[in-house]
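Close look at the chain arrangement
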Amino acid sequence: NPNLKLQFHITLFGEDDRLLLVQDVTRLYRLEEMRRDFVSNVSHELRTPLTVISGYLETLIDNADELPPRWNRAMNQMQQQAQRMEALVNDLLLLSRIENDGSNFKATLVDVDSMLRAICDDARALSQEKGHRIELSLESAAGLTGNETQLHSAFSNIVMNAVKYTPPNGEIRVRWFEDKKGVHFAVRDSGIGIDPLHIPRLTERFYRADPSRAADTGGTGLGLAIVKHVLINHDGELEITSHIGAGSTFTCHFPRTRMASAEALAEAEDV
Ligand code: ADP
């Protein structure tokens, strides 16, 4: 049966005794698949009505001078909430696409250097009011072999979180470096920090270390779940270290098998 999903567990006892446990996980696998499809369908269906609502709201706000002023606040609130819902639907769709695709994408050579420059520029524009110092340190000329859209979402989510969870005038340092184990992307912030208790659960959908604080940052609660799945698809690992009140560091580790040499990148660009 090609649809059968089996899980094998082998336990060793002493010198030569082994216990082989075979578990049929077909039903679990199928349920998980149904959940993913359902979330993806619902998000897709919500998109059209939301676009219509946002469109009409925009028209109303553009013509606000024809309406009683006491409606202004309500309209702005509605627009803000519609935007939140749109962000949520987009992230849900993105997450289900990343989960469904797994690593079945056509891997290309990704120029991480330019990607990180662009992400940091976006972050600087976003954090202008907060007066953050965002420093980018590109210490490796290597790129990655993988899916550009997925990697962009992962890196961008981590950098934008640093902006969200760092109070005004804080510092954010983005690093891209390599060592004998592989290539690494690290973002250190001088932000609010995270209680170690929460760290193991941060990549769960909608898990928030501090719900009251996270709610008004405008996040969808899906950012780190997206990061986790992108890393799974790229044989990477996420490491989080943090101290309450002192800041956090999020590091994505990629093995050398995922590295694209500077020469290969230059060659790909010439084609
Ligand atoms: P959200 O949209 O709530 O930011 P994420 O999945 O991106 O969702 O992050 C999950 C939670 O992890 C956040 O609600 C926040 O509590 C915590 N978090 C993420 N990044 C940071 C950071 N740089 N500093 C402090 N807390 C963070």
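Let me sum up the structure you'll find in this document. All values derive from a computational prediction rather than experimental measurement.

**Observations concerning the site of the ligand**
Lining the immediate environment of the ligand, one finds 22 residues, of which Tyr165, Asp189, Arg208, Gly221 and Leu224 sit closest. At 2.7 Å, a side-chain N or O of Tyr165 approaches an oxygen atom of the ligand. When the ligand is considered free in solution it has 530 Å² of accessible area, and contact with the protein chains removes 98% of it. For the shell around the ligand, the secondary-structure elements that each account for two or more residues are helix H4 (148-164), helix H6 (223-233) and strand S9 (247-255). At 3 residues, H4 tops the list of elements feeding residues into the shell around the ligand. Across the shell around the ligand, the residue classes tally to 11 nonpolar, 7 polar and 4 charged.

**Quick word on the nonpolar core**
The biggest cluster of nonpolar side chains holds 43 residues, and the ones touching the most others in it are Leu144, Leu151, Phe155, Trp176, Phe185, Val187 and Phe254. Not counting the four nearest positions on each side in its chain, Leu151 is found in contact with Val110, Met115, Leu144, Val230, His234 and Phe254.

**Thoughts on the packing of H4 against H6**
Where H4 contacts H6, the axes come no closer than 9 Å and their chain directions differ by 140°. Of the possible angle classes, the one that applies to H4 and H6 is oblique. The crossing of H4 and H6 is left-handed. For the pair H4 and H6, contact is made by Gln150, Leu151, Ser153, Ala154, Asn157, Ile158 and Asn161 and by Gly223, Leu224, Ile226, Val227, Val230 and Asn233, respectively. Looking at the contact of H4 with H6 residue by residue, the classes come out as 7 nonpolar, 6 polar and no charged.

**Quick look at the pattern of salt bridges**
Evaluation of the coordinates by the stated rule reveals 14 salt bridges. Across the salt bridge formed by Asp113 and Arg117, the nearest N and O atoms sit 2.8 Å from each other. In this pair, Asp113 and Arg117 are both assigned in helix H3 (residues 112-126), 4 residues apart and thus about one turn of the helix distant. Judged by relative accessible area, Arg117 falls into the partly exposed class, the value being 46%. Measuring nitrogen to oxygen at the nearest pair gives 2.9 Å for the salt bridge that ties Arg201 to Glu204. For Arg201, a relative accessible area of 40% translates into the label partly exposed.

**So, a negative patch on the surface**
On the surface, a cluster of negative charge is made up of Glu263, Glu267, Glu269 and Asp270. Mapped onto the secondary structure, Glu263 falls in helix H7 (residues 262-270). Judged by relative accessible area, which is 57%, Glu263 ranks as exposed.

**What about H4?**
Taking 1.5 Å per residue, 17 residues should reach 24 Å; H4 reaches 24 Å between its end C-alpha atoms and fits that length. The N-cap of H4, judged by a side-chain oxygen 3.1 Å from the amide nitrogen of Thr149 a few residues on, is Asn147.

**Topic: the side chain of Ser40**
Topologically, Ser40 is positioned in helix H1 (residues 26-62). Not counting residues up to four positions away in its chain, the partners in contact with Ser40 are Leu93 and Ser96.

**Observations concerning the environment of Arg36**
If you trace the backbone, Arg36 turns up in helix H1. Remark: the alpha-carbon pair of Arg36 and Ser96, spanning 60 residues in sequence, is separated by 6.1 Å. Arg36 has contacts with Ser96, Glu99 and Asn100, leaving out every residue within four places of it along the chain. Only 2.8 Å separates the side chain of Arg36 from the side chain of Asn100, close enough to count as a polar contact.

**Focus: a nonpolar patch on the surface**
Together, Leu4, Leu6, Phe8, Ile10, Leu12, Leu20 and Val22 make up a nonpolar patch on the protein surface, roughly 700 Å² of accessible area in all. Mapped onto the nonpolar patch, the elements with two or more residues apiece are strand S1 (6-13) and strand S2 (17-24). Tracing the backbone through its elements, the reader meets Leu12 in strand S1.

**Let's talk about the packing of aromatic side chains**
To describe a pair of aromatic rings, one takes the distance between the centres and the angle between the planes. Per the stated rule, a full pass over the model turns up 3 aromatic pairs. Measuring from centroid to centroid gives 6.5 Å for Phe155 and Trp176, while their planes differ by 55°, and the two rings are tilted. Of this pair, Phe155 sits in helix H4 while Trp176 sits in strand S6 (residues 171-178); the two residues are 21 residues apart in sequence, bridging distant segments of the chain. Using a relative accessible area of 0% as the deciding quantity, one classes Trp176 as buried. Relative to Phe254, the ring of Phe155 has its centre 6.2 Å away and its plane inclined at 80°; by these criteria the two rings are edge-to-face. Highlighted residues: Phe155 in helix H4 and Phe254 in strand S9, separated in sequence by 99 residues.

Definitions and cut-offs
By convention here, each chain's residues receive numbers from 1 onward along its written sequence. Local features in a predicted model are, by the rule used here, given only for residues with pLDDT of at least 70; side-chain atom pairs are given and counted only at 80 or more, and totals for whole chains, interfaces and linings are based on all residues. Note that the side-chain values use all heavy atoms of the structure and ignore hydrogens as well as water. For each residue, the test is whether any non-hydrogen atom lies within 4 Å of the molecule or strand; if one does, the residue is near. Counted as a polar contact is a pair of N or O atoms within 3.5 Å, where, for protein atoms, one must be capable of donating a hydrogen and the other of accepting one, and residues adjacent in sequence contribute only when both atoms are in side chains. Per-residue accessibility takes into account occlusion by the displayed protein chains alone, with areas from the Shrake-Rupley method and a 1.4 Å probe. Numbering of helices and strands starts at the N terminus; helices are DSSP runs of H or I of at least 4 residues and strands are runs of E of at least 2. Throughout, the ten residues Ala, Val, Leu, Ile, Met, Phe, Trp, Tyr, Cys and Pro are labelled nonpolar, Asp, Glu, Lys and Arg are labelled charged, and all others, Gly among them, are labelled polar. In this text, buried Ala, Val, Leu, Ile, Met, Phe, Trp, Tyr and Cys residues form a nonpolar core when linked through side-chain atoms within 4.5 Å. Three exposure classes are used, based on accessible area relative to the maximum for each residue type with a 1.4 Å probe and protein chains only: buried under 20%, partly exposed in between, and exposed over 50%. Contacts are residue-level and defined by heavy atoms, with any inter-residue pair within 4.5 Å sufficient. Orientation is described by lines fitted to C-alpha atoms, with helices fitted over the stretch in contact, and by angles between N-to-C directions that extend from 0 to 180 degrees. Any angle between 65 and 115 degrees counts as roughly perpendicular, while under 35 counts as roughly parallel, over 145 as roughly antiparallel, and the rest as oblique. Left-handed is the label given to a crossing in which the near helix is rotated counterclockwise from the far helix by less than a right angle, and right-handed is the label when the rotation is clockwise. By definition here, a salt bridge exists when the distance from a side-chain nitrogen of Lys or Arg to a carboxyl oxygen of Asp or Glu is within 4 Å. Only residues whose relative accessible area exceeds 30% and that take part in no salt bridge are eligible for patches, with like-charged residues grouped when within 9 Å of each other and nonpolar side chains (Val, Leu, Ile, Met, Phe, Trp, Tyr) grouped when within 5 Å. Here the positive residues are Lys and Arg and the negative ones are Asp and Glu; neither His nor the chain ends is included. By convention, the point assigned to a charge is CZ for Arg, NZ for Lys, CD for Glu and CG for Asp. Expected span of a helix, by definition, is 1.5 Å for each gap between consecutive residues, and there is one gap fewer than residues. Stacked, tilted and edge-to-face pairs are distinguished by plane angle, under 30 degrees for stacked and over 60 for edge-to-face with tilted covering the rest, among Phe, Tyr and Trp rings (Trp via its six-membered ring) whose centres lie within 6.5 Å.

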